[in-house]
Amino acid sequence: METPVVIFAYNRPAHVQRLMKSLLLNPEAKDCPLYVFIDGAKNPDDTKPKEVMMSLEGSKNFSSANIIKRERNIGLAQNIIQGLNEVFELYDRAIVLEDDLIATPHFLRFMISALGHYEHTNAWSIAGYTPPVSLPGNYPYTTYPIMRNCSWGWATWRNRWQMVDWEVSDFKDFISDAAQRKAFDLSGSDLSAMLLKQQTGEIGSWSIRFCYSGFKHQMPTIYPVQSFIINGGADGSGSNVSATHKYDTNIFEELGEIKFCNNLDINPLILESFRKTYNCSLIRRIINWWKRKRYIAL
């Protein structure tokens, strides 16, 4: 079964070239169709999207290459939603990356294997990245489940993608329900605040809406215990992550037998460690509380 690799890019040709080189160190790349969706320029003088197209020389090393350049700038969220809608018309699964990521040589093997293993389970998506987590002693598996998606090198299936309510039609009920907010925020105290910012137009995020749909359906994302992705966008060049070492993590230098966890119940010890990466500071929690109270009062 073919598994396409889908890349979303905009104006960072050097990052795209670095990502392509890293993917081609994966032996499985030659068997994967490649789709690259390049967002359009924001103004006529912006030549970066054209430079991105020129940086895709390695695309011929995939089983096929499909390069789609948008005629106008539609933003990352819409580029991803529209792009994956198009891909899922042709395939029932996809591996997705943004241009600032670096794949390790075992990334595609893990993602393809996990898509096959978890396809007929309650899993929502597959993560290629994991924050640093503390595991219970003698934890025997290569994977663990968490009720939060990962947007840094990930994969899912057509039938999960089609379950997403991009309008978040029940948002007003959710944001007014303290129990629901608390449950959503178990995987990081930033989640409900991020969804509020999305719905009020403060940010434009496909990922938080995808995450919320997974939560509503109680379908967890499957994470590896060490990462197959390096976030090269934490260098200050991206629009969503500033320069930081917060997301540095251990990677799989070698990959032997993949031992998939089949119990998709969330381990409370792993969850407590996981959420520390994403929990908000006290000041940020106060600001988010005020924003929520103001929204509910409207």
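Described below are features of the structure shown in this document. Because the structure is predicted, anything quoted here is derived from the model rather than measured.

1. Some details on the overall build of the chain
Tallying secondary structure elements over the chain gives 11 helices and 10 strands in all. Its C-alpha atoms give the chain a radius of gyration of 19 Å, near enough to 19 Å, the size a compact globule of 298 residues would have. Dimensions of the chain, computed from the C-alpha atoms along their principal axes, are close to 55 × 50 × 35 Å. Counting only residues that meet the buried cut, the chain has 53% of its 298 residues in that class. Of the roughly 14100 Å² that the chain leaves accessible, carbon and sulfur atoms contribute 51%. Considering the chain, the positive charge centre built from 32 side chains and the negative charge centre built from 31 side chains are found 6 Å apart.

2. Looking at the state of the cysteines
Counted according to the given criterion, the structure contains zero disulfides. The thiol of Cys-150 is unpaired, and the distance to the nearest cysteine sulfur, on Cys-211, comes to 11 Å. Relative accessible area serves as the criterion here: at 5%, Cys-150 is assigned to the buried category. Look at Cys-211 and you get buried, because its relative accessible area is 3%.

3. Points about the environment of Ser-176
Looking at the secondary structure, you find Ser-176 in the loop between helix H6 (171-175) and helix H7 (178-184). Sequence separation between Ser-176 and Ala-297 is 121 residues; the distance between their C-alpha atoms is 10.0 Å. Residues within four places of Ser-176 in sequence aside, it is in contact with Arg-181 and Ile-296.

4. Focus: the environment of Phe-184
Locating Phe-184 in the fold gives a position in helix H7. Classification of Phe-184 as buried rests on a relative accessible area of 1%. Remark: the alpha-carbon pair of Phe-184 and Gln-162, spanning 22 residues in sequence, is separated by 21 Å. With sequence-adjacent residues up to four places away left out, Phe-184 is seen in contact with Phe-174, Leu-191, Ser-192, Leu-195, Ile-208, Cys-211, Tyr-212 and Phe-215.

5. Notes on the pattern of salt bridges
Summed over the entire model, instances satisfying the criterion amount to 10 salt bridges. Note that Asp-31 and Lys-30 form a salt bridge whose closest N and O atoms lie 3.7 Å from each other. The class for Lys-30 is exposed, based on a relative accessible area of 53%. Across the salt bridge formed by Glu-86 and Arg-70, the nearest N and O atoms sit 3.4 Å from each other. Here Glu-86 is found in helix H3 (residues 76-87), whereas its partner Arg-70 is found in the loop between strand E3 (64-69) and H3, with 16 residues between them in sequence. Here Glu-86 falls in the partly exposed class, since its relative accessible area comes to 34%.

What counts and how
- Residues numbered from 1 in each chain as written.
- Predicted model: local features only at pLDDT ≥ 70, side-chain atom pairs only at ≥ 80, totals over all residues.
- Heavy atoms only, no water.
- Helix = DSSP H or I, 4+ residues; strand = E, 2+ residues; numbered from the N terminus.
- Rg over C-alpha atoms; globule rule 2.2 N^0.38 Å.
- Buried < 20%, exposed > 50% of the residue type's maximum accessible area, 1.4 Å probe, protein only.
- Areas by Shrake-Rupley, 256 points an atom, 1.4 Å probe, with all protein chains shown as cover.
- Lys, Arg positive; Asp, Glu negative; His and termini not counted.
- Charge placed at Lys NZ, Arg CZ, Asp CG, Glu CD.
- Disulfide = S-S within 2.5 Å.
- Contact = heavy atoms within 4.5 Å.
- Salt bridge = Lys/Arg side-chain N within 4 Å of Asp/Glu carboxyl O.

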